[in-house]
Amino acid sequence: MGKQKEVGTGSPSGRQSTKRTPKSISRQFDLRDEIYARSQVDTSQPPTPYTFDSNSLLNNLPGIAYRCRNDSNWTMEYVSRGCTQLTGYQPEDLIKNHTISFESLIHPDDRQDVRQKVEQTLAENKPFDIIYRIRTRSGSTKWVREMGHALSNYHREPLLEGFITDITEGKNNEQRLINQMERFLALRRIDMAINASLDLRVTLDILLDQVMLLLHVDAADVLLFNPITQMLEYSNSRGFNDIQRHNVRLRLGDSFAGKAGLEKQSLLIQDFQAEKDHLGRPPSIAGEQFASYFAVPLVAKGQVKGVLEVFQRKKIDPNRDWIDFLEALAGQAAIAVENATLFNELQRSNIELTRAYEATLEGWSKALDLRDQETQGHTQRVTDITVRLAVMMNVPDEMLVHIRRGALLHDIGKMGIPDSILLKPGPLNVDEWDIMRQHPVYAFNLLAPITNLSLALEIPYSHHEKWDGSGYPQGLKGEQIPLAARVFAVVDVWDALRNDRPYRLAWPDRRVMEYIRSETGKHFDPRVVENFLKLL
């Protein structure tokens, strides 16, 4: 006891404690005295008619409402029934640590962070708002968000009370997006290696590093097809104990790799040890204790260039995304092999990769539009007009691609805004506006780590700044605002006003243009407005 509590995420995406407890949570805990008293009396009798039952209210909320001691176990004094759905344990299992302590439910990698962050916020006399993982009764892991505060001198012992909700789905969606970004960047790194060097081994080493890192396999290699000998021959590898792999030479059609190359089809072996078809492999391959195997042919222009093999020492059942990414990496390897002799083909493949890059960004923007049915088509419209306006204002050609990408991703930060706010069919209140105004910051945090999008950040991060300095999030003024953001701001507002939104109907064109003119020198850069009116 006596230790104060902290909550951590245990992951790079963890959030710092906030300064504010949401009003809805504060109202719930204004009832704490009544809840505590009711938990001490006989609840077998039904409540008196017309009596407000705060216990029933909290017990029907999704998540855990709790009161606990600020000791080493977070000993629970009160736990709502939502505990069962969230953790698999009954409330009485946690109360007084009867079966298990709440401390034991926190993921071992997060416990220290949780305690430190709670101690820090309590020392500053602030409420806490933390994200971390728990282990449920079934052994599964869930992400939760906990918001709470200390009860000052309540019954002369340190007590905490708060609310814990399940955010696993949101964290999983976030992780999927991160995985997609990492995989896309891996393809980009390989492409950059191909551009930077004609040394095939260097490129294949980079490719295998990405395979090991992002697909989490134990070993991988590349066998190249020798058209003269008609054999698959060892080229590069990672993760093997067997040094004899340098001598591997396989005929097309022999062994797993040979079959994959001959048939130009990926091949999955989920029980590698049970298969008899190990032809062409040195005997020491059995000592590696591999359980699963995947072979992907490297095919360029319909011709087999080699085979990419991955090995795992435990059985795997890869999903479609995993297989697609492996096959994408194999495609990159095939391009690298082809480039060793035909440099001009690399030029074409680079253009194709750039198109895939742009298509990916457009896919992200379309996903955002799909979330808000009222704004479908908005992103593509404002992107096209913004690029046209930038050309009219003599923006250098090399910057136009970054302006286009920034326009496509201008609202990607809204992925972090709850639907209850983003899709609210009416005006936002003050607290909701505070949350909404964070979406440029969310966009910056999401995109800043991606080097290739650094020059495209100006629009997602600064398109809500205003010429007179009254905008957000930085309060920039005049030409402190990047030109790309100033250009986009006019187009964004113009298009938004001309289309229906959940909280209002579209304005007629005449009223929209009057508004644009009235905001010249206040919201908008006068020079941009002048060119925009000419463009229309």
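As shown above, the structure is provided for reference.
The shown structure was predicted, so the numbers you read here are calculated from the model rather than taken from an experiment. (Residues numbered from 1 in each chain as written. Predicted model: local features only at pLDDT ≥ 70, side-chain atom pairs only at ≥ 80, totals over all residues. Heavy atoms only, no water.)

1. Some remarks on the sheet that holds strand 2 (residues 76–79)
If you trace the five strands from one edge of the open sheet to the other, you get 2-1-5-4-3, paired in antiparallel fashion. The open sheet has two edge strands, strand 2 and strand 3 (128–135), and neither has a second partner. Going across the sheet, the axis of each strand differs from the next one's by a mean of 25 degrees, ignoring polarity. Pairing of strand 3 with strand 4 (residues 141–151) involves eight bridges; the strand directions are antiparallel. Paired with D129 across the strands is M147, a residue of strand 4. Of the strands in this sheet, strand 3, strand 4 and strand 5 (159–166) are in contact with helix 7 (residues 111–123), which crosses strand 3 at around 165 degrees. (Pairing = 2+ DSSP bridges. Helix = DSSP H or I, 4+ residues; strand = E, 2+ residues; numbered from the N terminus. Axes fitted to C-alpha atoms, helices over the stretch in contact; angles between N-to-C directions. Contact = heavy atoms within 4.5 Å.)

2. What to know about the pairing of strand 1 (residues 64–69)
Most of strand 1 sits out of view: five of its six residues are buried. Direction of pairing for strand 1 relative to strand 5: antiparallel, over a ladder of six bridges. Residue R67 lies in a different strand from strand 5, and its bridge partner there is E161. Bridge count for strand 1 against strand 2 is three bridges, and the pairing is antiparallel. (Buried < 20%, exposed > 50% of the residue type's maximum accessible area, 1.4 Å probe, protein only.)

3. Focus: the nonpolar core
If you look at the biggest cluster of nonpolar residues, it comprises 31 residues, and the most contacted ones within it are V211, L215, L308, V310, W322 and L326. It is helix 11 (residues 320–339) that contributes the most residues to this core, 10 residues altogether. Not counting residues up to four positions away in its chain, the partners in contact with W322 are R183, L215, V217, F294, V310 and I316. Residues L400, I459, V512 and V528 belong to the second largest nonpolar core, which totals 27 residues. (Core = buried A, V, L, I, M, F, W, Y, C linked by side-chain atoms within 4.5 Å.)

4. A short note on the side chain of S80
Structurally, S80 is set in the loop between strand 2 and helix 4 (82–87). Within the structure, the side chain of S80 is placed 2.8 Å from the backbone nitrogen of A65, a separation counted as a polar contact. (Polar contact = N/O pair within 3.5 Å; in protein donor to acceptor, adjacent residues only side chain to side chain.)

5. Section: the sheet that holds strand 7 (residues 231–238)
The strand order 8-7-6-11-10-9 describes an open sheet built from six strands, whose pairing is antiparallel. The sheet terminates laterally at strand 8 (249–251) and strand 9 (267–269), the two strands that pair on one side only. Within this sheet the neighbouring strands show an average axis-to-axis angle of 25 degrees, counted without direction. As defined by bridge partners, strand 10 (residues 292–300) adjoins strand 11 (residues 303–312) across nine bridges and the pair is classed as antiparallel. Residue pairing across strands places A295 opposite E309, the latter belonging to strand 11. Along the sheet, helix 10 (residues 255–263) contacts strand 6 (219–226), strand 7, strand 8, strand 9, strand 10 and strand 11; its crossing angle with strand 10, the most-contacted strand, is approximately 35 degrees. Packing of helix 11 onto the sheet brings it into contact with strand 6, strand 10 and strand 11, and relative to strand 10 it is tilted by some 40 degrees.

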